[in-house]
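Each chain, written out:
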Amino acid sequence: MRLAPGDESALRESFVRNYLIRRSGYALLMLFLASTAIFFLLHATPGTPYDRMLAEFNTMGKKAPPDSHMGRLYELMGMNRPIYERYGAWLKAVAAGDLGVTWAISAREKVSSVVLAHLPYTLLLMLSATLFALIAAVPVGLYSALHPYSDGDMTLTLLSFF
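Residues numbered from 1 in each chain as written. Predicted model: local features only at pLDDT ≥ 70, side-chain atom pairs only at ≥ 80, totals over all residues. Heavy atoms only, no water.

Asks: With reference to specific residues and values, describe the overall build of the chain.
Replies: The number of helices and strands found in the chain is 6 helices and 2 strands. Tracing the chain from N to C terminus, the helices and strands come up as α-α-α-α-β-β-α-α. For 162 residues, the compact-globule estimate of 2.2 N^0.38 gives 15 Å, and the C-alpha radius of gyration of the chain, at 26 Å, exceeds that figure by more than 25%. The C-alpha extent of the chain, read off along each of the three principal axes, is 75 × 50 × 30 Å. Contacts spanning at least 24 positions in sequence make up 37% of the contacts within the chain whose residues lie at least 6 apart. Roughly 13100 Å² of accessible area belongs to the chain as shown, and the carbon and sulfur atoms make up 69% of that amount. The distance from the centre of the 14 positive side-chain charges to the centre of the 12 negative ones in the chain is 7 Å. (Helix = DSSP H or I, 4+ residues; strand = E, 2+ residues; numbered from the N terminus. Rg over C-alpha atoms; globule rule 2.2 N^0.38 Å. Contact = heavy atoms within 4.5 Å. Areas by Shrake-Rupley, 256 points an atom, 1.4 Å probe, with all protein chains shown as cover. Lys, Arg positive; Asp, Glu negative; His and termini not counted. Charge placed at Lys NZ, Arg CZ, Asp CG, Glu CD.)

What follows is the structure in structure tokens.
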């Protein structure tokens, strides 16, 4: 079967589009599965955020708030609802871009603002690590390409796995 001259590029474009759609779907599925697993694993740990806050008050030598206040906080965190309701609410909020508030770093600070505050440092670390990897990998790759199956090539290949 012969293709017309214009059909080949249309076929290639269709293949690339389908490939990108399929890979995007896999990425979304993996993101969903990973976030679901993390959510349920965090909720499977012993204790609740409420218990951790009480322990933190005790270790810092501060007087814990009255039980009525902690009970209200427990409700505010949604810990009185079943896990499937908490998961549904969390998933809906995350889909809307609301990552919630942090209780560990500072009281009631938005998680997204904490993430954004640390983003420049994260990007700097990623860039530095990538540059370091390239600076190390290019000479090793060149040596291995110029001296295939030599003792040096085998040693560098073995070390590259670490």
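From this point on, the discussion continues.
Asks: Outline a nonpolar patch on the surface, listing residues and values.
Replies: Together, Leu127, Leu131, Leu134, Ile135, Val138 and Leu142 line one region of the surface with nonpolar side chains, adding up to about 590 Å² of accessible area. Structurally, Leu127 is set in helix H5 (residues 111–146). (Patch = residues over 30% accessible without salt bridge, like charges linked within 9 Å, V, L, I, M, F, W, Y side chains within 5 Å. Salt bridge = Lys/Arg side-chain N within 4 Å of Asp/Glu carboxyl O.)

Asks: Give a detailed account of the packing of aromatic side chains, specifying residues and quantitative values.
Replies: Under the criterion given, the structure shown has 5 aromatic pairs. With a centroid separation of 5.3 Å and 85° between ring planes, the pair formed by Phe39 and Phe40 is classed as edge-to-face. (Phe/Tyr/Trp six-rings, centres within 6.5 Å; stacked < 30°, edge-to-face > 60°.)

Asks: Could you give an account of the confidence of the model for the chain, naming the residues involved and the relevant values?
Replies: On average, residues of the chain carry a pLDDT of 86, and 93% of them reach 70 or more. Within the chain, the element-level pLDDT minimum falls on helix H2 (residues 49–59), averaging 75, and the maximum on H5, averaging 94. (pLDDT = per-residue confidence, 0-100.)

Asks: Before we move on, can you summarise unusual backbone geometry with the specific residues and values?
Replies: Positive phi, normally seen in glycine, also occurs at Tyr149, with a value near 65°. Looking at where Tyr149 falls in the secondary structure, it is placed in the loop between H5 and helix H6 (151–160).

Asks: Tell me about the pattern of salt bridges, residues and numbers included.
Replies: Scanning the model with the defined rule gives 3 salt bridges in all. Here Glu85 ties to Arg81 by a salt bridge, and the two come within 4.0 Å at their closest N and O atoms. The partly exposed category is assigned to Glu85, whose relative accessible area is 38%. Measuring nitrogen to oxygen at the nearest pair gives 3.8 Å for the salt bridge that ties Asp98 to Lys110. Highlighted residues: Asp98 in the loop between helix H4 (83–95) and strand E1 (101–102) and Lys110 in strand E2 (residues 109–110), separated in sequence by 12 residues. Under the relative-accessibility criterion, Lys110 is labelled partly exposed at 46%. (Buried < 20%, exposed > 50% of the residue type's maximum accessible area, 1.4 Å probe, protein only.)

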